[in-house]
Amino acid sequence: QVQLVESGGGLVQAGGSLRLSCAASGLTFSDYAMGWIRQAPGKEREFVAFITRSGGGPGYADSVKGRFTISRDNAKSTVYLQMNSLKPEDTDVYYCAASPNYGLLVLAMQYDYWGQGTQVTVSS
């Protein structure tokens with residue numbers, strides 16, 4: 001049974017930082033590209049970042065480029081999202097997801113497994 005468990009969300013003031021973690025189990029972690037996707041209530045899911053199996057070629061949404069950094073530790077089966085210079089518009093539930101696909105993984109439909117999400121709230 002595949003499980004992705006996010007942690008690290010919370011309440012932070014604008015300009016602050018948070019580091020999200022996502023621990024995977026039940027799959028061969030290095031066989032999957034990983035991504036972070038966020039969603040606010042009543043809104044569409046929004047791609048945030050992805051990283052390839054080996055940790056290369058990260059891709060970011062324009063809205064987070066230069067502020068967020070995705071990384072992974074295959075030995076720990078964990079993917080991270082370092083979020084700096086947070087803005088109120090970054091307030092969302094953040095999901096990590098695993099994809100068996102290749103290429104630009106910017107669509108939710110490209111991911112097979114999802115975590116339960118962690119809430120990030122940025123106050124102004």
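Everything that follows concerns the structure shown earlier in this document.
The shown structure was predicted, so the numbers you read here are calculated from the model rather than taken from an experiment. (Residues numbered from 1 in each chain as written. Predicted model: local features only at pLDDT ≥ 70, side-chain atom pairs only at ≥ 80, totals over all residues. Heavy atoms only, no water.)

Undergrad: Describe the environment of Ser71, with residues and values.
TA: Note on placement: Ser71 falls in strand β7 (residues 68-73). For Ser71, a relative accessible area of 28% corresponds to the partly exposed category. In this structure the C-alpha to C-alpha distance between Ser71 and Gly55, which are 16 residues apart in sequence, comes to 6.5 Å. Filtering out sequence-adjacent residues up to four positions away, Ser71 remains in contact with Ile51, Val79 and Tyr80. (Helix = DSSP H or I, 4+ residues; strand = E, 2+ residues; numbered from the N terminus. Buried < 20%, exposed > 50% of the residue type's maximum accessible area, 1.4 Å probe, protein only. Contact = heavy atoms within 4.5 Å.)

Undergrad: Any details on the pairing of strand β8 (residues 78-83)? Residues and values, ideally.
TA: Of all six residues in β8, five are buried; the element is thus mostly enclosed. Alignment of strand β3 (residues 18-25) against β8, held across six bridges, turns out to be antiparallel. For Ser21, the partnering residue across the bridge sits in β8 and is Tyr80. Note that β7 and β8 share six bridges and pair antiparallel. Within β8, the position partnered with Ile70 by the bridge is Leu81. Hairpin remark: β7 followed by β8, antiparallel, with four residues in the connecting loop; positive phi at Ser77, about 50°. (Pairing = 2+ DSSP bridges.)

Undergrad: Which residues make up the pairing of strand β11 (residues 118-123), and what values go with them?
TA: Along β11, the buried face is formed by Thr118, Val120 and Val122; none of Gln119, Thr121 and Ser123, which line the opposite face, is buried. Sheet topology note: the strand β2 (residues 10-13)/β11 ladder contains four bridges and is parallel. Residue pairing for β11: Gln13 is matched across the bridge by Ser123.

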